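Structural features, examined
Take a look at the letters that make up each chain.
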Amino acid sequence: MEPMSQRLKIFNLITAVLVIASLALVFFYAPMERVTGNVQRVFYWHVPAAWTSFLAFFVTVVAGIIYLLRGNRKWDRVAHASVEIGLLFTIMTMVSGSIWARPTWQTWWTWDPRLTTYTIMALIYVAYLMLRQGIEDPDRRARFAAVYGIIGFVSVPITYFSIHWWRTLHPVVIGSGSPTAEGGFDMTRPMVWVLLFSLFTVNVVYFCFLANRLRLARMTEYVEELKAQLLPA
Amino acid sequence: MAEMIALLSSFPAQAEPLETTGYMLLGYAFLIGLPLLYILSWVVQRRNLERDVELLRSLSQEAERPAGAPEAAAARPPLEQRPAE
């Protein structure tokens, strides 16, 4: 089996150090928000997780386009891995947001435009994984998945701009939000720094996960090839 | 005006933030716990793949070896010896 390269080991180590540093900043450096208290600290990983889920789905689009142009299976693996990791960040965002909403909005969940569009986006990418499961032929699967990944990305800008287009409870981090938004706060300079550091860290976590997931995908493909060679249908 | 000031000062000011530490801990338990579970799933998948490779190699050796002959090398080179894409 493929041994872990030295570079990947170092990358994993750097990522772990960044995660610890980010959590230390969140818990010990960032000031407590004056109204909602400590639960506001969830925001430092909730927002980067949401951004990173958008990034992951964008990577799927880019990888899908390159696959359609070149036909190299490597790019299909990138697109697939990126959707899987993007969904991980999507679930992290939804659950942490729900936990934040309970004391702030007095409810775990509401069908607010941002929450609704984000849920639809998540379901679109769950369907991407189901589509892949349903197609046997690897080339056909990769082609269909690439096209679906490109079309499915339409849900990402709709989700992002939903808080600007419709009246919403959801606070806006960048730009002006809806007057009905609840739970927003003015960020002090330390809060901005912690948010930016967390954003950087969560992005590094994404690329680290992608590298490790691609390694696993290569191994899976190797085993599939072995099976096809030894156990012909 | 004085009445207004007296009325406003009679409202209790929110001096203390809400006590929401439990929600924060729950949030981070999930934010850290879910990726750790994901990593654990890789470990399990990798172990299963290694088991599959061992099984497939032994099957291929048995299939290729004539009765009584010494063990043959695996049909395919290990992954680390294959050219990178």
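Residues numbered from 1 in each chain as written. Chains lettered and ligands numbered in written order. Predicted model: local features only at pLDDT ≥ 70, side-chain atom pairs only at ≥ 80, totals over all residues. Heavy atoms only, no water.

Turning to helix α5 (residues 138-152) of chain A, a few remarks are in order. All names here are of chain A. An ideal rise of 1.5 Å per residue puts 21 Å on 15 residues; α5 measures up with 20 Å between its terminal C-alpha atoms. Here α5 has its buried residues at Ala142, Ala145, Ala146, Gly149 and Gly152. Projected down its long axis, α5 carries its buried residues within an arc of 140 degrees, all on one side. Here the buried face of α5 lies against α2 (43-70), α3 (73-105), α4 (113-134) and α6 (155-165). (Helix = DSSP H or I, 4+ residues; strand = E, 2+ residues; numbered from the N terminus. Expected span 1.5 Å × (residues − 1). Buried < 20%, exposed > 50% of the residue type's maximum accessible area, 1.4 Å probe, protein only. Arc of directions from axis to C-beta. Contact = heavy atoms within 4.5 Å.)

Before going further, it helps to spend a moment on the side chain of Arg114 of chain A. All names here are of chain A. Tracing the backbone shows Arg114 in helix α4. In this structure, Arg114 is buried with no salt-bridge partner, the nearest side chain bearing the opposite charge being Asp112 at 6.7 Å. Dropping the residues within four chain positions of it, Arg114 is found in contact with Thr159, Tyr160, Ser162, Ile163, Thr168 and His170. (Lys, Arg positive; Asp, Glu negative; His and termini not counted. Salt bridge = Lys/Arg side-chain N within 4 Å of Asp/Glu carboxyl O.)

The subject of this paragraph is the confidence of the model for chain B. A residue-level look at chain B finds 59% of positions with pLDDT of 70 or above and a mean pLDDT of 76. Here the prediction assigns the complex a pTM of 0.85, and the interface score ipTM is 0.89. (pLDDT = per-residue confidence, 0-100.)

Residues and elements named next belong to chain A. Within the secondary structure, Thr110 sits in the loop between α3 and α4. By relative accessible area, which is 22% here, Thr110 ends up partly exposed. Separated by 12 residues in the primary sequence, Thr110 and Ser98 place their C-alpha atoms 9.1 Å from one another. If we skip the residues at most four places from it in the chain, Thr110 touches Trp105, Leu115 and Leu169.

Let's shift gears to the interface of chain A and chain B. The interface of chain A with chain B comprises 48 residues on the first partner and 37 residues on the second. Put simply, chain A and chain B have 1 salt bridge between them. Note that Asp52 of chain B and Lys227 of chain A form a salt bridge whose closest N and O atoms lie 3.8 Å from each other. On the surface where chain A and chain B come into contact, there are 8 residue pairs in polar contact (both at pLDDT 80 or more). Those elements that provide at least two residues to the side of chain A that touches chain B are α1 (6-29), α2, α3 and α7 (189-230) of chain A. Of all the elements, α7 of chain A adds the most residues to the side of chain A that touches chain B, at 15 residues. A class-by-class count of the residues in the side of chain A that touches chain B yields 27 nonpolar, 8 polar and 13 charged. (Polar contact = N/O pair within 3.5 Å; in protein donor to acceptor, adjacent residues only side chain to side chain. Nonpolar A, V, L, I, M, F, W, Y, C, P; charged D, E, K, R; others polar.)

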